[in-house]
Amino acid sequence: ANGLGDTAIGYLAGSGAATGSELTAVGSNAGVQVTGGRDTYIGNYSGFGVVGDHNTGLGAYAGRNVTGSYNNALGYLAGDRTRGSTNAAIGNEAGSGVVGSFNAAFGSSSGQNTVGSNNVAVGSGTATGLVGNNNISIGSNAADGVSTNSAISIGMNSVGSKDNSIAIGSTA
């Protein structure tokens, strides 16, 4: 950690930070090679290789290899490999591999590999591999692997598979 107001605790924490200030990195290899400012990372390898400002990663590998700003990740591998800004991921591996902005993923493995913006995924494994914008998916594995826009999927394994559609009920 070499910027103004940086705090680093742990083996190599905050090392290699290229620019920015007010980095907080706690944990082995947390906040390593960060380019940006006002980021907070707590957990081993959280925030490793980030390019962007105002990001937060809490948990081992959370918020790692992110390009973008104002992203928040809580949980093991949450928000890993995100490309975009203002995304929120809560749960183990939630929101990992996202390409887009303003997405919210809540639940273990929810919102993984989503491509698009303004999507909400709530539930374990929900909206994994979703491609599209403005979708709401609630329930375990809802809207997995679908390409759609402005769809609502509510219920385990439900899929609103057409633009502007609503699917309610298990396997609907």
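Given the structure is predicted, the values throughout are model-derived calculations rather than measurements.

Undergrad: Which residues make up the overall build of the protein, and what are the values?
TA: Counting its secondary structure elements, the protein contains 0 helices and 11 strands. For the protein, the succession of helices and strands along the chain, N to C, is β-β-β-β-β-β-β-β-β-β-β. Counting only C-alpha atoms, the protein reaches 55 × 20 × 15 Å along its principal axes. When the 172 residues of the protein are sorted by exposure, 46% land in the buried category. Long-range pairs, those at least 24 residues apart, make up 0% of the contacts in the protein with a sequence separation of at least 6. Only carbon and sulfur atoms are counted for the fraction: they give 57% of the accessible area of the protein, which is about 7,100 Å². Between the averaged position of the 5 positive side-chain charges in the protein and that of its 8 negative side-chain charges there is a distance of 6 Å.

Undergrad: So what's going on with a nonpolar patch on the surface? Residues and values would help.
TA: On the surface, Ile-42, Leu-58, Leu-74, Ile-90, Phe-106, Val-120, Val-122, Ile-136, Ile-138, Ile-154, Ile-166 and Ile-168 cluster together into a nonpolar patch covering about 930 Å² of accessible area. Only β8 (120-122), β9 (136-138) and β11 (166-168) provide two or more residues apiece to the nonpolar patch. Inspection of the secondary structure puts Ile-166 in strand β11. Take Ile-166: its relative accessible area is 59%, and that puts it in the exposed class.

Undergrad: Could you give an account of the side chain of Ser-158, naming the residues involved and the relevant values?
TA: Within the fold, Ser-158 resides in the loop between β10 (152-154) and β11. Owing to a relative accessible area of 0%, Ser-158 belongs among the buried residues under this scheme. A distance of 3.2 Å separates a polar side-chain atom of Ser-158 from the backbone nitrogen of Ile-154. Discounting residues that sit within four places of it in the chain, Ser-158 has contacts with Ala-142, Ala-143, Ser-153, Ala-167, Gly-169, Thr-171 and Ala-172.

Undergrad: Any details on the environment of Ile-9? Residues and values, ideally.
TA: Structurally, Ile-9 can be placed in strand β1 (residues 7-9). Taking the C-alpha atoms as reference points, Ile-9 and Ser-117, separated by 108 residues in sequence, lie 35 Å from one another. Setting aside its immediate chain neighbours within four residues, Ile-9 contacts Ala-25, Val-26 and Gly-27.

Undergrad: How would you sum up the pattern of salt bridges? Please name residues and give values.
TA: Considering all chains together, one arrives at 3 salt bridges under this definition. Among the ionic pairs, Asp-80 bridges to Arg-64, the shortest N-O distance being 3.0 Å. With Asp-80 in the loop between β5 (72-74) and β6 (88-90) and Arg-64 in the loop between β4 (56-58) and β5, the pair connects residues that are 16 residues apart, well separated along the chain. By relative accessible area, which is 3% here, Asp-80 ends up buried.

Criteria and cut-off values
- Residues numbered from 1 in each chain as written.
- Predicted model: local features only at pLDDT ≥ 70, side-chain atom pairs only at ≥ 80, totals over all residues.
- Heavy atoms only, no water.
- Helix = DSSP H or I, 4+ residues; strand = E, 2+ residues; numbered from the N terminus.
- Buried < 20%, exposed > 50% of the residue type's maximum accessible area, 1.4 Å probe, protein only.
- Contact = heavy atoms within 4.5 Å.
- Areas by Shrake-Rupley, 256 points an atom, 1.4 Å probe, with all protein chains shown as cover.
- Lys, Arg positive; Asp, Glu negative; His and termini not counted.
- Charge placed at Lys NZ, Arg CZ, Asp CG, Glu CD.
- Patch = residues over 30% accessible without salt bridge, like charges linked within 9 Å, V, L, I, M, F, W, Y side chains within 5 Å.
- Salt bridge = Lys/Arg side-chain N within 4 Å of Asp/Glu carboxyl O.
- Polar contact = N/O pair within 3.5 Å; in protein donor to acceptor, adjacent residues only side chain to side chain.

Read these as geometric descriptors, not functional statements.
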